[in-house]
Amino acid sequence: KQEVTQIPAALSVPEGENLVLNCSFTDSAIYNLQWFRQDPGKGLTSLLLIQSSQREQTSGRLNASLDKSSGRSTLYIAASQPGDSATYLCAVPPGSARQLTFGSGTQLTVLP
Amino acid sequence: DGGITQSPKYLFRKEGQNVTLSCEQNLNHDAMYWYRQDPGQGLRLIYYSQIVNDFQKGDIAEGYSVSREKKESFPLTVTSAQKNPTAFYLCASSPEDRVSRGYTFGSGTRLTVV
């Protein structure tokens, strides 16, 4: 059964800092990995999707990488802002199943 | 713009009542899902449907029921058999080409037992 782990569980940084969020998964037979953002009391907003054939994806100040062989993905946030404060979740669909398996998330606080 | 609409945003249920949460999508996605989110437990899959008139149980289906009569709609009923229904419920959908297009989520419904 696929297991997804996110480290750290919580992170607090001063504004302007570059930071890295980590996601690891146990079953490397994935066809993509998706990073989401969740604000308190809100739904999930998709940030980036990396297909298994890709190594990384970029959107603005966000860059996500994927290393299937080691079962790891990272989300890099450049020049963090208070508006980046949220919980970040990574999710993978294991093998041919349609179901997403989520990590428990990293709660990010960017201090002004 | 296409998206997923969940309603209501907040829902209160009395003991012994059944309540239905609405989920509508205009993305033309084939598959739809219901997740439950509890503090400290992450997201858990309740039910999913890959095609109209077909659905499958997820990890925590007991006390819940669904229907998929239309491609656009996937309502979730929380029955009186669900002993601890207070949670945040999220609906999601995915296209046939989920490899390159991934999943889309709604804004959620917060259900509280009173």
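Residues numbered from 1 in each chain as written. Chains lettered and ligands numbered in written order. Predicted model: local features only at pLDDT ≥ 70, side-chain atom pairs only at ≥ 80, totals over all residues. Heavy atoms only, no water.

Help me understand unusual backbone geometry in this model?
Peptide bonds are mostly trans, and most non-glycine residues show a negative phi. Put simply, Ile7(A) and Pro8(A) share a cis peptide bond, and its omega is 0°. That bond from Ser7(B) to Pro8(B) is cis: its omega, -10°, falls within 30 degrees of zero. Phi at Ala79(A) is positive, roughly 45°, even though this residue is not glycine. Relative to the elements of secondary structure, Ala79(A) occurs in the loop between strand 8 (72–77) and strand 9 (86–92). (Helix = DSSP H or I, 4+ residues; strand = E, 2+ residues; numbered from the N terminus.)

What exactly am I supposed to notice about the sheet that holds strand 3 (residues 19–25) of chain B here?
Pairing between sheet strands relies on hydrogen bonds along the backbone, with the strands arranged either parallel or antiparallel. Residue and element names in this part refer to chain B. Pairing within the open sheet is antiparallel, and its four strands lie in the order 1-3-8-7. Either end of the sheet is taken by a strand with one partner, and the two such strands are strand 1 (4–7) and strand 7 (64–66). Adjacent strand axes in the sheet meet at a mean angle of 20°, parallel and antiparallel pairs treated alike. (Pairing = 2+ DSSP bridges. Axes fitted to C-alpha atoms, helices over the stretch in contact; angles between N-to-C directions.)

I keep staring at the nonpolar core and nothing clicks. Help me out?
Inside soluble globular proteins, nonpolar side chains tend to come together where they are buried. By size, the foremost hydrophobic cluster in this structure holds 22 residues, and its most contacted members are Phe25(A), Leu33(A), Trp35(A), Leu75(A), Ile77(A), Tyr88(A) and Leu108(A). Those elements giving two or more residues to this core turn out to be strand 3 (19–25), strand 4 (32–38), strand 5 (44–51), strand 7 (62–67), strand 8, strand 9 and strand 11 (106–111) of chain A. Among the nonpolar cores identified, the runner-up in size contains 20 residues, and Leu11(B), Met32(B), Tyr64(B) and Leu76(B) belong to it. (Core = buried A, V, L, I, M, F, W, Y, C linked by side-chain atoms within 4.5 Å. Buried < 20%, exposed > 50% of the residue type's maximum accessible area, 1.4 Å probe, protein only.)

Help me understand the interface of chain B and chain A in this model?
Often, the extent of an interface is quoted as the loss of accessible area upon association of its parts. Taken together, the contacts link 24 residues of chain B with 20 residues of chain A. Roughly 1800 Å² is buried in total at the junction of chain B and chain A, and carbon and sulfur atoms are behind 51% of that figure. Among the residues chain B hides against chain A, the three largest losses belong to Arg98(B), Val99(B) and Tyr103(B). Together they make up 32% of the total. Our count for the chain B to chain A interface comes out at zero salt bridges. At the boundary of chain B with chain A, the tally comes to four residue pairs in polar contact (both at pLDDT 80 or more). (Contact = heavy atoms within 4.5 Å. Buried area = accessible area lost by both parts, 1.4 Å probe. Salt bridge = Lys/Arg side-chain N within 4 Å of Asp/Glu carboxyl O. Polar contact = N/O pair within 3.5 Å; in protein donor to acceptor, adjacent residues only side chain to side chain.)

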